[in-house]
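Analysis of the macromolecular model
Here are the chains, one letter per residue:
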Amino acid sequence: MVGCSVIYHLTKLGLTDVVLIERSELTSGSTWHAAGGFHTLNADTNMAALQGYTIRLYRELEEITGLSCSLHHVGGITLAESPERLDFLKSARAMHRHMGLDTELITPEEIRKLSPITNTDGVLGALYDPLDGHLDPSGTTHAYARAAQMQGAEIVLRNRVLETNQRADGSWEVVTEKGTIVAEQLVNAAGLWAREVGAMAGVYLPLHPMEHQYFATADIAEVVTRDEELPHVMDPEGESYLRQEGRGLVIGFYEQNCVPWAVDGTRWDFGHELLDENLDRIGDSMEFAFRRYPVLAEAGIKTIINGPFTFAPDGNPLVGPVPGLRNYWSACAVMAGFSQGGGVGLTLAEWMIEGEPSRDVFAMDVARFGDYCTPSYTRLKVRENYQRRFSVSYPNEELPAARPLDTTPAYAIWQGQNAVFGDMYGMEHVKYFAPAGEEPFEIPSFRRSNAFPTVAAEVDAVRTAVGLNEVHNFGKYEFAGPGAAAFLDRIMAGRIPPPGRLALNPMLSPKGRIIGDFTVARVEAERFQVTASYGAQAYHMRWFERHLPATGVALENVSKTRIGFQIAGPNAQELLRRVTTADVSTEAMPFLSVRQIDIGQCRAIVQRVSYTGDRGYEIYVPWQQQVALYDVLTAAGHDLGLRPFGMRAMMSLRLDKSFGSWMREYKPDYTPLETGLERFVAYDKQAEFIGKAAALAERQNGVARKLCTFEVDAGDADAVAWEPIWHRGEVVGYVTSGGYSHYAKKSIAYGFLPLELATEGRAVEIEILGDMVPARLYSRPLFDPDNEYLRG
Ligand SMILES: Cc1cc2nc3c(=O)[nH]c(=O)nc-3n(C[C@H](O)[C@H](O)[C@H](O)COP(=O)(O)OP(=O)(O)OC[C@H]3O[C@@H](n4cnc5c(N)ncnc54)[C@H](O)[C@@H]3O)c2cc1C
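So, a few notes on the structure that sits alongside this text. (Residues numbered from 1 in each chain as written. Predicted model: local features only at pLDDT ≥ 70, side-chain atom pairs only at ≥ 80, totals over all residues. Heavy atoms only, no water.)

1. Some remarks on the overall build of the chain
Operational definition: The way it works is that DSSP assigns letters per residue, a run of H or I at least four long becomes a helix, a run of E at least two long becomes a strand, and they are numbered from the N terminus. Atoms counted for the radius of gyration: C-alpha only. Globule rule: 2.2 Å times the number of residues to the power 0.38. Classification of residues uses two cut-offs on accessible area relative to the type maximum, computed with a 1.4 Å probe and protein chains only: under 20% is buried, over 50% is exposed, and between them is partly exposed. Only heavy atoms enter the contact rule, under which two residues are in contact if any of them lie within 4.5 Å.
Broken down by element type, the chain carries 21 helices and 37 strands. Over its C-alpha trace the chain gives a radius of gyration of 27 Å, about what one expects of a compact globule, namely 28 Å for 792 residues. Put simply, the chain has 792 residues, and 60% of those count as buried. Within the chain, contacts between residues separated by at least 24 positions form 71% of all contacts whose residues are at least 6 apart in sequence.

2. Considerations on the environment of Leu655
Following the sequence through the fold, Leu655 ends up in helix H18 (residues 647-656). When the C-alpha positions of Leu655 and Gly739 are compared, they lie 7.6 Å apart, and in sequence the two are 84 residues distant. Apart from residues no more than four positions distant in its own chain, Leu655 is found in contact with Gly739, Tyr740, Ser741, Ile748, Tyr750, Tyr778 and Leu782.

3. Quick word on the pairing of strand S19 (residues 419-424)
Under the convention used in this document: Strands qualify as paired when DSSP identifies two bridges or more between them.
Pairing of S19 with strand S20 (residues 427-433), which is carried by 6 bridges, proceeds in the antiparallel orientation. The residue of S20 that forms the bridge with Val420 is Tyr432. Counted between consecutive antiparallel strands, the loop separating S19 from S20 contains 2 residues, among which Tyr425 sits at a positive phi close to 55 degrees.

4. Some words on the environment of Pro482
Relative to the assigned elements, Pro482 resides in the loop between strand S22 (474-480) and helix H14 (484-491). The class of Pro482 is exposed, set by a relative accessible area of 67%. Placed 101 residues apart in sequence, Pro482 and Asp583 show a C-alpha to C-alpha distance of 29 Å. When residues no more than four places from it in sequence are discounted, the contact partners of Pro482 are Glu526 and Gly552.

5. Quick word on the side chain of Thr266
Definition in use: Residues adjacent in sequence count toward polar contacts only when both atoms are side-chain atoms; beyond that, a polar contact is any pair of N or O atoms within 3.5 Å, and within protein one must be able to donate a hydrogen and the other to accept it.
By the secondary structure assignment, Thr266 is in the loop between strand S15 (248-253) and helix H8 (283-292). A distance of 3.2 Å separates a polar atom in the side chain of Thr266 from a polar atom in the side chain of Arg195. Residue contacts for Thr266: discarding those within four places in its chain leaves Leu192, Trp193, Arg195, Glu196, Pro209 and Trp261.

6. Overview of the site of the ligand
For clarity, the cut-off: Nearness of a residue to a molecule or strand requires only that one of the residue's heavy atoms be within 4 Å of it. Working definition of accessibility: Shrake-Rupley area with a 1.4 Å probe, residue cover restricted to the visible protein chains. Under this grouping Gly is polar, as are all residues other than the nonpolar Ala, Val, Leu, Ile, Met, Phe, Trp, Tyr, Cys and Pro and the charged Asp, Glu, Lys and Arg.
Taken together, 35 residues surround the ligand, and among them Glu22, Arg23, Thr31, Val334 and Phe338 come closest. A distance of 2.5 Å is found between an oxygen atom of the ligand and a backbone nitrogen or oxygen belonging to Val334. Phe338 is positioned such that a nitrogen or oxygen atom in its backbone is 2.7 Å from an oxygen atom of the ligand. Look at the ligand: alone it shows 1000 Å² of surface, and the protein chains cover 95% of it. Among the residues forming the shell around the ligand, the class breakdown is 19 nonpolar, 13 polar and 3 charged.

7. Let's talk about the nonpolar core
Soluble globular proteins tend to bury their nonpolar side chains together. For clarity, the cut-off: Nonpolar core, defined: a set of buried Ala, Val, Leu, Ile, Met, Phe, Trp, Tyr and Cys residues in which side-chain atoms within 4.5 Å join the residues together.
Ranked by size, the top nonpolar core spans 74 residues in total, and within it Phe479, Leu488, Met492, Phe518, Val530 and Phe544 carry the most contacts. Considering every element that reaches this core, the biggest residue donor is helix H15 (residues 537-547), with 5 residues. With residues up to four places along the chain from it excluded, the contact list for Val530 reads Gly475, Lys476, Tyr477, Phe479, Leu488, Met492, Phe518, Thr519 and Val520.

8. Quick word on the sheet that holds strand S37 (residues 771-778)
How we decide: Axis lines are fitted through C-alpha atoms, for helices just across the contact stretch, and the angle between N-to-C directions can take any value from 0 to 180 degrees.
With respect to topology, 6 strands assemble into a closed barrel ordered S32-S35-S34-S33-S36-S37, the strand pairing being antiparallel. If you compare each strand with its neighbour and ignore which way they point, the axes differ by 45 degrees on average. In terms of strand pairing, strand S32 (residues 705-712) meets S37 through 4 bridges, oriented antiparallel. Residue pairing across strands places Thr709 opposite Tyr778, the latter belonging to S37. Of the strands in this sheet, strand S34 (730-741), strand S35 (746-754) and S37 are in contact with H18, which crosses S34 at around 120 degrees.

9. Re the packing of aromatic side chains
Stated formally: Pairing of aromatic rings covers Phe, Tyr and Trp, the last counted by its six-membered ring, and requires centre-to-centre distances within 6.5 Å; plane angles under 30 degrees mean stacked, over 60 mean edge-to-face, and any other angle means tilted.
Counting across every chain of the model gives 34 aromatic pairs. Relative to Phe270, the ring of Trp261 lies with its centre 4.8 Å away and its plane at 55 degrees, an arrangement referred to as tilted. The residues Trp261 and Phe270 share a single accessibility class, namely buried. With centroids separated by 4.5 Å and ring planes inclined at 40 degrees, the aromatic side chains of Tyr411 and Phe421 adopt a geometry described as tilted. Here Tyr411, found in helix H12 (residues 411-416), pairs with Phe421, found in strand S19; they are 10 residues apart in sequence, far enough to count as distant. For Tyr411, a relative accessible area of 14% translates into the label buried. The class for Phe421 is buried, based on a relative accessible area of 15%. Here the aromatic cluster, defined as three or more aromatic residues joined through ring pairs, consists of Tyr241, Tyr254, Phe309, Phe311, Tyr386 and Phe390.

10. Considering the packing of helix H1 (residues 2-12) against helix H10 (residues 337-354)
Stated formally: When describing relative orientation, an angle under 35 degrees is termed roughly parallel and one over 145 degrees roughly antiparallel, while 65 to 115 degrees is termed roughly perpendicular and anything else oblique. Each crossing gets its handedness from the near helix: less than a right angle anticlockwise from the far helix is left-handed, clockwise is right-handed.
Between H1 and H10, the shortest axis-to-axis distance is 8 Å and the interhelical angle comes to 45 degrees. Judged on the interaxial angle alone, H10 and H1 are oblique. Judged by the twist between their axes, the crossing of H1 over H10 is right-handed. In this structure, H1 contributes Val2, Ser5, Val6, His9 and Leu10 to the contact, and H10 contributes Gly341, Gly342, Val344, Gly345, Leu346, Leu348, Ala349, Met352 and Ile353. Tallied by class, the residues present in the contact of H1 with H10 amount to 9 nonpolar, 5 polar and no charged.

Written out as structure tokens, the structure is:
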């Protein structure tokens, strides 16, 4: 199904020299036995939008081809049995408002009206989505295929791809049973065999197949006698989804006792086969379902389907150029093919033909994972994701499977200090330090959590004394050689600093969108340390490598090997002075400077900058010396009030300075002028930097929206992301991120407003968990607004 969507979209966007090679018949992987349900719900708004696109596409396919997808737009209901689930659905509903999706919250009585077979005992409410429905998987796949053929694509059946070998010019030799094809670009859309096909090119794609069961009933009187088709019902408590099929029902389960399939690989002769049914595994879920839908108990089971399909560790697809390979694309791990397949095909086609997708697709970018994803890590995470398919996702939640994986030497020290950990890109980091005697666990919540008072104390230490925090959360790259400065000048939109200085630097795509926000430090004339988000390593390395010249620049990803600490706060300079013989006075080492100096016995790169917005220093050493650095700093900092702090405090401190962050305020959906990053773009620099023409055009033409900062009259829940912003009864924007400023004792949100509304003092309302919360726009940062203290 996904391969057919890819060729449909490639040909639709004008690339007609396209061939799909199929091992057997169309649909002969996961597709043929799918339950065919579709829905728009996804935690990521762009994913949800692409799911909306997919669902609307089916009519287009039917019109083009005259084939039927057997569409049943019956709507869907997601039940809430707990206040937490209701909060979750309320925040989903709020998110849908600015996406133009017409979901609504409904009462138990309304549920019974729409779906009289549902027993609503214990149900508090539900979210209704009119776009939900189901289709015929085989008919739909053939509709994609026929439409693609009508636009010029070729489909070769019963022809297995045996090898994929890259040629010197970057094209691919695709060896098949029926001969060899040379392709400029290659897409792996091999579904259940994506791992095996990836291995032919020497890559591991982090996905794993899981078994999945659903069953269909014989005719049911309550269904037979209805005039209208029943809506879908998702019952998270029972981990099931239910829909009508003919005159009976279909119900499927995401059970806790789930089973990874084909751990050692998918066999090539796996055909149109089903797996052995195993009703014991879903026994508990079935019992629950019989209570929820009493009609099921009397209905006979007609068929049981147990089939495998693939998942990535977070359940979203793996799409885009595969890092480390040229001209090789992934369209794999599409677990909800009939919700996502159209969006996957469109995204990939745009990327291949136009150079970049039309929106941020990081949530399904194959580069959101890195080489820490081994097959066993992936399997553990996939299992966890399958089990959590119907779980409430809290904004402050950390998922436990396969952890810890990567740790720094300081990990053991933090464990001894009762740290609560989170992970990013496989690496553990401290969220905050739980008080002594308390279990180190943050209770998942949509509201302020038990971490609140401790984070307040950590923030206070930074603003009044000095705090210490690890810098391993940065992705770090070293660029060295005679061509390094010129290369960075071309890929970064800002100014490249002189030796000894650093500069904040946006990186833009050709269309002028933000694809990175970096700190570029010129450690020596021909040696740079460049830092950004740790989680974007594969994403950024893919971009660097794509543009790197053949000679003159040596690039190394030093994210894991160069770590250390930042120290920040009014006593940070004194602390640094105590541990080095170098002159670290403001005159010798001003704000935004970089030095190589000895700290204690360690040779360090020290940058005078801090995301806390306080006077601070980032100190980088080889990873083997991290503990020595820690000992030196803590011994010297004791009487200065030194206290370690975690990422929760850091994310609060940044609010005081209105600093944005990667993938919240800065991402490929946004541009420099929209987000205020234009002050770091060197529009007049000589270098023809990537995105320059687009950036200049934007400056000339202006923008329609602006990123703003709001003070929010929040109760016990702060804005997190995607909450709609209302003005005079209309949704006019949305929140990008938010939180609580412990320093200013205010709830803060960042978000977009139309330009004409983005004026000082503008009163708006932000919808937080269903409540309309008053908020006001302000533009002067809450802490050190003119950076006088910072520069001092
Ligand atoms: C029981 C069950 C119920 C499901 N219910 C739903 C649902 O309700 N809604 C929903 O959206 N999704 C559902 N799914 C998931 C859905 O089936 C998948 O998302 C979708 O089928 C993925 O399609 P695909 O094209 O990526 O993979 P596949 O269907 O596996 O297709 C891959 C294709 O690649 C071919 N291939 C592989 N290797 C080679 C090679 N070397 N040479 C040539 N060809 C090759 C294969 O033959 C195959 O045809 C369900 C899945 C299961 C198992």
